[in-house]
Structure formats: C-alpha cells, structure tokens
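# Architecture and fold: a report
Below are the chains, spelled out letter by letter.
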Amino acid sequence: PRACHAQVLSHGFLHKEVREKGGAYGGGAGASPLGGTFTFSSHRDPRQAETLGAFDAAVAWAAAEGAITALHVEEARRRSESTLWQEQPFLAGERK
C-alpha cells in the first residue's frame, strides 16, 4: 500500500507541482517496504522552499475526500508492480 501511495502522490500531484510548475528536474514520493520509510524528494530544484510546501500540500490533497480516484489507484498499482519486479535482484544463474 505505501508504494501505491507514493505512486499516486508522485504522478497524481507532485509531478505537476514540483516539475511542471516549480521547474525541478524531477520530484516525487517513495516508499521502502524493507526500511519502513516514506520519503519525498526533488532533483535540481530551483525552488526548494516552495517544494517543501508542495510536499505538505500533497499530503493534504491525498487526505481530501474524493481526491484520489479509482484511476489513480489502478495506475499506481500497475506502476508499483512494475517497480517491484525491477528491484528484485537475480540470483546467479537465474537470468536467461
């Protein structure tokens, strides 16, 4: 579930606010199931203070009733599954 939340925040809110409006090269949210952490980040961000506000706004947006749609959830689920498989290391001899 945290990975899906990260995907929804990244693609449903933060991309527009941090990348498109703010001019950062990138930004988003991430979740580490093994570490139990949830993070926000931006890359080459010319408006760092405003981005911190965007991170707060993202949480408020996600908490607002009706903000997250079924489409957001389905897209996030697919992205999360794709990312999960990409992050799995191969054991010796397993890759073909």
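Here, the structure is the one placed above.
Residues numbered from 1 in each chain as written. Predicted model: local features only at pLDDT ≥ 70, side-chain atom pairs only at ≥ 80, totals over all residues. Heavy atoms only, no water.

Moving on to the pattern of salt bridges. One pass over the full model with this rule turns up four salt bridges. A salt bridge links E50 to R47; its shortest N-O distance comes to 4.0 Å. A residue is classified by how much of its surface remains accessible, and R47, at 35% relative accessible area, is partly exposed. Salt bridges linked by common partners bring E74, R77 and R78 together as one network. (Salt bridge = Lys/Arg side-chain N within 4 Å of Asp/Glu carboxyl O. Buried < 20%, exposed > 50% of the residue type's maximum accessible area, 1.4 Å probe, protein only.)

Take S10: it is sitting in helix α1 (residues 2-21). When sequence neighbours within four positions are dropped, the list of residues in contact with S10 reads H15, G28 and A29. (Helix = DSSP H or I, 4+ residues; strand = E, 2+ residues; numbered from the N terminus. Contact = heavy atoms within 4.5 Å.)

With respect to the element layout, D45 can be found in the loop between β2 (37-43) and α2 (48-63). For the buried residue D45, which engages in no salt bridge, the nearest side chain bearing the opposite charge is R47, 6.2 Å off. Within the structure, the side chain of D45 is placed 2.9 Å from the side chain of S42, a separation counted as a polar contact. (Lys, Arg positive; Asp, Glu negative; His and termini not counted. Polar contact = N/O pair within 3.5 Å; in protein donor to acceptor, adjacent residues only side chain to side chain.)

Attention shifts here to the packing of aromatic side chains. The description of an aromatic ring pair rests on the distance of the ring centres and on the angle between the ring planes. Following the criterion strictly, the structure yields three aromatic pairs and no others. Taken together through their ring pairs, the aromatic side chains of F38, F40 and F55 make up a single cluster. Between R44 and the ring centre of Y25, over which it is positioned, the NZ or CZ distance is 4.6 Å. (Phe/Tyr/Trp six-rings, centres within 6.5 Å; stacked < 30°, edge-to-face > 60°. Lys NZ or Arg CZ within 6 Å of the ring centre and 35° of its normal.)

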